Amino acid sequence: MQFFGGSEISPSPPAPTASGNNAHMIYVFNRNGVCLLYREWNRPLHTLNQQQDHKLMFGLLFSLKSLTAKMDPTSAEKGNLGVPQLPGQGCSFHSFRTNTYKLSFMESPSGIKIILVTHPRTGDLRESLKYIYNLYVEYVVKNPIYTPGTPIRCELFNTTLDQYARSIA
């Protein structure tokens, strides 16, 4: 099965852009802002509780999506700030970088949002995010005992994701 015009899931994911374990954490949200998955690999400092952290991250994404749509220089029709855009509609952002981390973002046509936070020198992760989404489809969505909209508790998905995250540079 393929999504986003790529090839089918294969044992060889997209090659990392450099060497090392640079993935810090991942969030997966559904279209309603429910955090379906949060995993961390390299996050030494926790400043918020988990629920506050999830709300802050989803709010950041919502605001950035609204702002990029409003600032789009190619569209004469500007939506209202705060009005959600359909996936693939209008201008969107893929990542931003600070001096301490890089946040990469992808939204699927079904509204699943995947956020990967990595080292700031990590390259373009769009292909990696698509690969992670395809893992989500194969191991979670197609799992007959998974109930959509509930937290992801699929050990095979988590193990495969952890292995892949260790290879991201």
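Quick notes on the rules
In every chain, residue numbers begin from 1 and rise along the written sequence. In keeping with the model being predicted, local features are shown solely for residues with a pLDDT of at least 70 and side-chain atom pairs are shown and tallied solely at 80 or more, while totals for entire chains, interfaces and linings include all residues. To get the side-chain values, take all heavy atoms of the structure and skip hydrogens and water. UniProt positions are given in the numbering used here, feature names are shortened, and annotations may be inferred rather than shown by experiment. Classification of ring pairs rests on two measures: the distance between centres of Phe, Tyr or Trp rings, Trp counted by its six-membered ring, which must be within 6.5 Å, and the angle between planes, read as stacked under 30 degrees, edge-to-face over 60 and tilted in between. Relative accessibility thresholds used throughout: buried, under 20% of the residue-type maximum; exposed, over 50%; partly exposed, between the two (1.4 Å probe, protein chains only). Secondary structure counts use DSSP, requiring at least four H or I residues in a row for a helix and at least two E residues in a row for a strand, with both numbered from the N terminus. To estimate the expected span of a helix, count its residues, drop one, and scale the result by 1.5 Å. Contact criterion: two residues are considered in contact whenever any of their non-hydrogen atoms come within 4.5 Å of each other. At least two bridges found by DSSP between two strands is the condition for calling them paired. Angular values range over 0 to 180 degrees, each being the angle between N-to-C directions of two axes fitted as lines to C-alpha atoms, with helices fitted over their stretch in contact. Take a side-chain nitrogen of Lys or Arg and a carboxyl oxygen of Asp or Glu: if they are within 4 Å of each other, that pair is a salt bridge.

Named according to an unreviewed UniProt entry, the protein chain is Trafficking protein particle complex subunit originating from Carya illinoinensis. Quoted verbatim from the Subunit (unreviewed entry) field of the UniProt record, the comment on the protein chain reads "Part of the multisubunit transport protein particle (TRAPP) complex." The UniProt entry for the protein chain carries this comment under Sequence similarities (unreviewed entry): "Belongs to the TRAPP small subunits family. BET5 subfamily."

Please explain the packing of aromatic side chains as it appears in this structure.
For any two aromatic rings, the description comes down to two numbers: the centre-to-centre distance and the angle of the planes. Within this structure, the stated rule accounts for seven aromatic pairs. Seen from their ring centres, Y27 and F29 are 6.0 Å apart, and the 5 degrees between their planes marks the pair as stacked. For the pair shown, Y27 and F29 are each scored as buried. Plain terms: the ring middles of F93 and F105 are 5.1 Å apart, the flat faces sit at 10 degrees to each other, and that makes the pair stacked. Remark: F105 occurs in strand β4 (residues 102-107) and F93 occurs in the loop between α1 (50-71) and β3 (95-97); sequence separation between them is twelve residues. Of the residues examined, F93 reaches a relative accessible area of 11% and is grouped as buried. Accessibility expressed as a relative area gives 5% for F105, which makes it buried.

I would appreciate a short explanation of helix α3 (residues 155-167) in the present structure.
Helical geometry: 3.6 residues make up each α-helical turn, so side chains three or four residues apart lie on a common side. Taking 1.5 Å of rise per residue, 13 residues should cover 18 Å, and α3 covers 19 Å from first to last C-alpha, within 8% of that figure. F157, N158, T160, L161, D162, Y164 and A165 are the residues of α3 that are buried. Here the buried face of α3 lies against β1 (23-29), β2 (35-40) and α2 (126-141).

When you look at the sheet that holds strand β5 (residues 113-118) in this model, what are you seeing that I'm missing?
The strands making up a sheet associate through hydrogen bonds between their backbones, and the pairing can be parallel or antiparallel. Across the sheet, five strands lie side by side as β2-β1-β5-β4-β3; this open sheet has antiparallel pairing. The sheet is open, and its two edges are formed by β2 and β3, each paired on a single side. In this sheet, adjacent strand axes meet at a mean angle of 10 degrees when their direction is disregarded. Across six bridges, the pairing between β1 and β5 is antiparallel. Paired with M25 across the strands is V117, a residue of β5. Strand contacts of α3: β1 and β2, with the helix running at about 45 degrees to β2, the strand carrying the most contacts.

Teacher, can you tell me more about the pattern of salt bridges here?
Side-chain pairs of opposite charge can arise where the charged atoms are in close proximity. According to the stated counting rule, one finds six salt bridges in the structure shown. Its salt-bridge partner being K65, residue E107 comes within 2.5 Å of it at the nearest N-O pair. Remark: K65 occurs in helix α1 and E107 occurs in strand β4; sequence separation between them is 42 residues. When sorted by exposure, E107 lands in the same class as K65, which is buried. Notably, a salt bridge pairs K142 with E138, separated by 2.9 Å at the nearest N-O pair. On the basis of relative accessibility, which here comes to 27%, the residue E138 falls in the partly exposed class. Among the ionic contacts, a cluster of salt bridges with common partners joins K65, E107 and K113.

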